[in-house]
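# Overview (structure and organization)
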Amino acid sequence: MEKIVINKDLCIGCGMCVAEHPEYLIFDEMGQADPVDKKVEPQDKASLLDTVEKCPTQAFKVEDIKEENENHE
Ligand code: SF4
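For clarity, every value in this text was computed on a predicted model and none was experimentally measured.

## Examining the overall build of the protein chain
- Along the backbone of the protein chain there are two helices and four strands.
- In the protein chain, the order of α-helices and β-strands from amino to carboxyl end is β-α-β-β-α-β.
- The C-alpha radius of gyration of the protein chain comes to 12 Å, within 12% of the 11 Å expected for a compact globule of 73 residues.
- Its C-alpha atoms give the protein chain principal-axis dimensions of roughly 35 × 25 × 20 Å.
- Buried positions account for 32% of the 73 residues belonging to the protein chain.
- Nonlocal contacts in the protein chain, meaning residues at least 24 apart in sequence, comprise 56% of its contacts between residues at least 6 apart.
- Summing over all exposed atoms, the protein chain offers an accessible surface of approximately 4900 Å²; the carbon and sulfur share of this is 50%.

Quick look at the structure:
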């Protein structure tokens with residue numbers, strides 16, 4: 001399944017992704033973007049990929065994550 005991944009070494013906490021996708025992201029205690037545990041819904045993919053392009057530090061990624069216990073579709 002596809003999920004948002006934030007590289008905390010790169011994120012400067014500009015807040016753009018959190019503002020654009022509040023259903024997917026919150027701020028952590030360091031003020032950086034923190035993805036909630038939610039898979040990317042197909043209808044949100046295009047706007048999330050747009051945010052990948054717009055993140056000023058390339059910290060924001062959408063990645064296909066295989067989970068060992070992924071036994072449902
Ligand atoms: S847009 Fe990029 S730099 Fe800004 S908060 Fe999100 S991940 Fe961090």
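## Examining the site of the ligand
- Taken together, 13 residues sit near the ligand, with Cys11, Cys14, Gly15, Cys17 and Cys55 positioned nearest.
- For the shell around the ligand, the class distribution of residues is 10 nonpolar, three polar and no charged.

Criteria and cut-off values
- Residues numbered from 1 in each chain as written.
- Predicted model: local features only at pLDDT ≥ 70, side-chain atom pairs only at ≥ 80, totals over all residues.
- Heavy atoms only, no water.
- Helix = DSSP H or I, 4+ residues; strand = E, 2+ residues; numbered from the N terminus.
- Rg over C-alpha atoms; globule rule 2.2 N^0.38 Å.
- Buried < 20%, exposed > 50% of the residue type's maximum accessible area, 1.4 Å probe, protein only.
- Contact = heavy atoms within 4.5 Å.
- Areas by Shrake-Rupley, 256 points an atom, 1.4 Å probe, with all protein chains shown as cover.
- Near = heavy atom within 4 Å.
- Nonpolar A, V, L, I, M, F, W, Y, C, P; charged D, E, K, R; others polar.

It is worth stressing that arrangement in space is one thing and function is another; only the former is reported here.
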